[in-house]
Structure formats: C-alpha cells, structure tokens
Amino acid sequence: MPTIARSYVTAGVALVGASVISAVPITTPQPESRTASWDVGLVAATQTCAEGDLSALCDGPLGLPTATPFTPAADSTNMFNIPANLFIALANTPYNFFTALGEGNVQLGGEPDGGPSFQPTYEGITLTQPAGNVVGLGADLHYGGSWWVYSPTNILGTDTADVPRYQALTNLLIPFPALSVPLGNMVATIAASQLPMNSGCTGTGPGACDDPTAILSKMFDLRHIGALFSPDGYTFPTVKEGISCSEDGQCYVKDEDGNELPWSGQNVKLDPTTPFTSFYDSLTATPDFSSIKPVTPELVVTSLTSLGRGLNTAFNPFVLGTQCAICAPFVPNPDNEPVPGPIFEDPDTTDTTPEAAAVEEVQVTESEEATEALSAPAVTAEPETEAPSAPAVTAEPETEEAPAPVTTGPKHRKPSAVGETVKQVQDSINTSFSKLTSGFKKPASKTGDSAESDSGSTSTTKSDDSDSDSKKSDSGSKKSDSGSDSSSDAA
C-alpha cells in the first residue's frame, strides 16, 4: 500500500508541474545591467584630505564618460545650401539681365546722368570692379559718346569707355553677378594689355593714323597675359589718352601728353579660379529668400530706354562734327554752335581759338576773291580799238591791296593740301589769261609792229607785279596804238 500511494503522489506532482510549465509564457531573457560599486572605508569619514592625497574619500570615484555630440563639418553643411541658393540665382536671372542691359548700378563719369563729354571724368572706371558692381551696357554707350566724332572716349585701342563696356557685356551674357563681375574684370584686364592705345594712330580718319605700325607693334603681346597670371602680376606702363579736347570739341588727335588713365602704372594679378570660387561661395552661403527680386514693368521700361539712348548716342551719324562725309550736310545747326573737329597741330604752339579760325577763314575767302580779281583788269585792257587812256582803267590799286595768296591753309587742318589747291587754281587762271591774251593779239599784228605789240601785251600782263612794270605796259600799248594808226594812214 505505501508503495502504491507513493507512486500516485509522484504522478500527481508530475502532472501539476507539467500544467504549470504549459501555463507560464516563455519570455526573452533581458541583458544584465551593469552596476558599479566602490569600496568605501568608514575610517575615511574622519580623515583630513591633504594636497596630493589619492585615497578613495579625497579622490572620489571616476565619473562615467559622457558622449560628445556629433558636429558636421562646415563644408558638408554648406553643400546642403546649394539647391536653395541655385534656385535664388535662377529666380534673379531676369532682374540681373535687365539691370546689365540698362543703367546697371555703377555711376560712370562725374555727371549725374553719366553723359558723354569731350572732357570726361573717370568715376567708376576700373579694371577691378568690387563684388556686386554691375556695369550697365546702356550707361556705358551713353558715357562713351558718338563713334563718329573724335573724343577721348573714341580712340583706337582700349580707352576709358571700352573697359566698362567689356564688363557690361560680360554681365549681360552671364546674368549671375557673383560669376560675371570677377570674370568681366578678367576680360577687361586682358583686353587692356593686348589692345593698347598709341598717340601715333588714334583714329581711322585722314591724318589721325600716320604711323599704323606704332600701334600694331604693341598689340597681341601674349607675354603680358602670362605675366598677368604669374605670382608677380603685370604692371601696366604709363597709359595716356591720345586725344585731348577743348570744351567745344576741338580735339588734338596726336596728343602725347594726354591725361593718365586709371590703370596707368597699376600692377594686376589674375587668378583663373577667382570667378568660380566666388560663384561657389555664393551657392554655399546661407540662403536668403528675401533677396529674390522680381522684374517690374518700371525696370523693363527704364532698361530699354537707357539702351535706346545709348545706341542713339553711340551710332547716330547725324551729329555736329561727324566724320561721315555724306551725313554732314544734313546736320542742322540753327544756333551756329561750334562744330567739333580734329586738330592735327599741337594747340600749345598754335592759336586754336574760334576767333582765330574765323579770321583765317576770312583771309582765305579774301585771297580767293583777290585771285579772281586779277583777271578782270587784264580783260579790260585787251581791245585794241580803245583809246590810249583805256589801260589806265585797270584795277591796279586792288592788286596792290590784295593780300598774298594763302598757301598754308587754315590751322589745324592739312595745310599742304589746301595750299596746293589754291596754288593750282591760281596757276590755272594765269595760264588761261595768257592764252586769252595771245588770242586777242595775234589778229592785230601785221608787220614788224606785231613784235612790238606782243611785247606791249607781255608788259601789260606783268603789270600786276610792280608799278614800274605797269608803266612799261602803258608805253607799250601806246606804241602799239601809234603803230596801228600809222599803218592805217599809209594804207
């Protein structure tokens, strides 16, 4: 019995254990947590800590290491700004385009409107425009003045109006100021080094370029470009304007002592990566959506008006002093304003005032009238049937009072050409007069008196040179008349 009872008890305990195991869910074992403990001696409570004591109470337990927060590098942070800044740059493209097309934001010249002048100033003219300085094409064309008139801003080579023109065209073609401004500076600097001016050839008109080799020999020198990108840079020589003008536009086109330009003697170093570095920095900067500038109708109208005014100023040939020969007669001048024009002689050694020019023109006119008057007295003395007193009617006083023919021409023009023309006209008149006199004298000569008559006519022709010759002419004509009378009586 005890054995049987013990087996039943064992079976019951097994069943209860199995039921407990099946009812309890299986759980994932959790990792054991770390614990730290420090052994502290109670004796240390009454211990005094001295300097340098390394006991447990004085030193204290070491703290757990703290995690250092992650700080991304600056470049990785700026890279995320490129999409936003690129969107801002593209949104501002129309605004930048119309700004570069018209007035820009750089004042060229000292006048409020940056207008053309025969004595321009150089505000805003530089090979190195600062960041954000956008030169406008319309403003530059207006500042440069007419291409048909000689002026300091219209010279062969890179003059004061060409430097901002290179920069304006770059701003117009690349409407991203962060890229176009440094790139325009580079273009203008290279052009100034490769296309210099020269006082021996300042224009294409007659007399303005007597020495073309002087300017051609200095152009396209690639050594200057190499120097610009070298560590030492390139130092420009002394650069002066080849044309200097007065206020009324009388311009000396071969001035070797003109005004110095802003880049004269300047040392410039170029870095080919500067434009792209500037553009990259603008893309990686902190985005500012408030910098987006919309295009307004006012901006469009202002830019187009500025461009139209600049084109009319630069290319209109119907202006006073134009070098367009077929356009000059159609230019009105109701107020008799001074007509601008080139001067080929140094004004420091000659009188170039308008009063002096007017006096010289009057002298030229009087000399031409006197030349025409030389033939009038001789024609009146030709008829052989006239009374002996007829030769006295000749206008000898006018010949004495008439000034000598001008052979040098007006100043500041080509004197040799004008003088040769006047001399040729005078010689032609004298030749025609001599032929006409011979034609009248030949029919009247019959015998030996014809030779005497010819000598009389020759003395009459020479009467314009001196009073003595005129007296001989009178006696010769009287002899001719007496000879003709005697021959008629003999008949």
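Remember, predicted model here, so these are calculated numbers, not experimental data.

Details of the packing of aromatic side chains
Step number 1: Summed over all chains, the structure comprises four aromatic pairs.
Step number 2: On the basis of an interplanar angle of 70° and a centroid distance of 5.0 Å, the ring pair of Tyr234 and Phe236 is categorised as edge-to-face. Residues Tyr234 and Phe236 agree in their burial class; the two are buried.

Thoughts on the state of the cysteines
Step number 1: Taken as a whole and assessed by the stated rule, the structure comprises three disulfides.
Step number 2: Each sulfur of the disulfide joining Cys201 and Cys209 lies 1.8 Å from the other. Its S-S torsion of approximately -95° makes the covalent link between Cys201 and Cys209 left-handed.
Step number 3: Among the residues examined, Cys201 registers a relative accessible area of 3% and is labelled buried.
Step number 4: Note that Cys324 is cross-linked by a disulfide to Cys327, the S-S spacing being 2.4 Å. Between Cys324 and Cys327 the disulfide shows an S-S torsion of about 50°. By sign, it is right-handed. Note on accessibility: Cys324 and Cys327 belong to one class, buried.

Let's talk about the sheet that holds strand β2 (residues 244-245)
Step number 1: On the basis of which strands lie adjacent, the open sheet formed by three strands has the order β2-β3-β5 and mixed pairing. Where the open sheet ends on each side, the last strands, each with one partner, are β2 and β5 (341-343).
Step number 2: By the bridge criterion, two bridges tie β2 to strand β3 (residues 250-252) in an arrangement that is antiparallel. Note on β3: the bridge partner recorded for Cys245 is Cys251.

Section: the side chain of Thr322
Step number 1: Relative to the assigned elements, Thr322 resides in the loop between α12 (297-315) and β5.
Step number 2: Polar side-chain contacts of Thr322 include one of 2.8 Å to the backbone oxygen of Pro317.
Step number 3: From its side chain, Thr322 meets the backbone nitrogen of Cys324 in a polar contact 3.1 Å long.
Step number 4: Leave out the neighbours within four places in its chain, and Thr322 touches Trp148, Val149, Pro317, Cys327, Ala328 and Val331.

Description of the packing of helix α6 (residues 137-144) against helix α7 (residues 162-173)
Step number 1: Two numbers describe how α6 lies on α7: the axes approach to 9 Å, and their chain directions differ by 160°. Classified by the angle between their axes, α6 and α7 sit roughly antiparallel to one another. Considering how the two elements wind past one another, α6 and α7 form a crossing that is left-handed. Contacts between α6 and α7 involve Leu137, Asp140 and Leu141 on the former and, on the latter, Pro164, Arg165, Ala168, Leu169 and Leu172.

What about the nonpolar core?
Step number 1: Membership of the largest hydrophobic core comes to 40 residues, with the highest contact counts inside it found for Leu127, Phe236, Ile243 and Trp263.
Step number 2: If you list the elements that add at least two residues to this core, you get α5 (93-101), α6, α7, α8 (177-194) and α12.
Step number 3: Top contributing element to this core by residue count: α8, with four residues.
Step number 4: Ignoring sequence-local partners within four residues, the contact set of Leu127 consists of Val163, Gln167, Asn185, Ala188, Thr189, Ala192, Phe236, Trp263, Gln266 and Val268.

Here we look at the pattern of salt bridges
Step number 1: Scanning the entire structure with this criterion turns up five salt bridges.
Step number 2: Where Asp210 meets Lys254, a salt bridge forms, and the shortest distance between an N and an O atom there is 2.2 Å. Placement of the pair is Asp210 in the loop between α8 and α9 (212-216) and Lys254 in the loop between β3 and β4 (267-268), with a sequence separation of 44 residues.
Step number 3: A salt bridge links Asp221 to Arg223; its shortest N-O distance comes to 2.9 Å.
Step number 4: Among the ionic contacts, a cluster of salt bridges with common partners joins Asp140, Asp162 and Arg165.

Looking at α5
Step number 1: Buried within α5 are the following residues: Thr93, Asn96, Phe98, Thr99, Ala100 and Leu101.
Step number 2: Where α5 is buried, its residues touch α4 (82-91), α6, α7, α8 and α12.

A few points about the confidence of the model for the protein
Step number 1: Scored by pLDDT, the protein has a mean of 74; 56% of the residues are at 70 or more.
Step number 2: This stretch, residues 72-76, has a pLDDT under 50; its non-local contacts, to residues over four places away or in other chains, come to one contact.
Step number 3: Within the model, pLDDT remains below 50 along residues 442-491, and this stretch shows 32 contacts once partners closer than five positions in the same chain are excluded.

A few points about α4
Step number 1: Of all the residues in α4, the buried ones are Ala84, Asn85, Ile88 and Ala89. Down the axis, α4 shows its buried residues gathered within 135° of arc, on one side only.

A closer look at the environment of Phe220
Step number 1: Note that Phe220 resides in the loop between α9 and α10 (222-228).
Step number 2: When the C-alpha positions of Phe220 and Gln194 are compared, they lie 4.7 Å apart, and in sequence the two are 26 residues distant.
Step number 3: Setting aside anything within four residues of it in sequence, one finds Phe220 in contact with Gln194 and Leu195.

Conventions used here
- Residues numbered from 1 in each chain as written.
- Predicted model: local features only at pLDDT ≥ 70, side-chain atom pairs only at ≥ 80, totals over all residues.
- Heavy atoms only, no water.
- Phe/Tyr/Trp six-rings, centres within 6.5 Å; stacked < 30°, edge-to-face > 60°.
- Buried < 20%, exposed > 50% of the residue type's maximum accessible area, 1.4 Å probe, protein only.
- Disulfide = S-S within 2.5 Å.
- Pairing = 2+ DSSP bridges.
- Helix = DSSP H or I, 4+ residues; strand = E, 2+ residues; numbered from the N terminus.
- Polar contact = N/O pair within 3.5 Å; in protein donor to acceptor, adjacent residues only side chain to side chain.
- Contact = heavy atoms within 4.5 Å.
- Axes fitted to C-alpha atoms, helices over the stretch in contact; angles between N-to-C directions.
- Parallel < 35°, antiparallel > 145°, perpendicular 65-115°, else oblique.
- Left-handed = near helix turned anticlockwise from the far one by under 90°.
- Core = buried A, V, L, I, M, F, W, Y, C linked by side-chain atoms within 4.5 Å.
- Salt bridge = Lys/Arg side-chain N within 4 Å of Asp/Glu carboxyl O.
- pLDDT = per-residue confidence, 0-100.
- Arc of directions from axis to C-beta.

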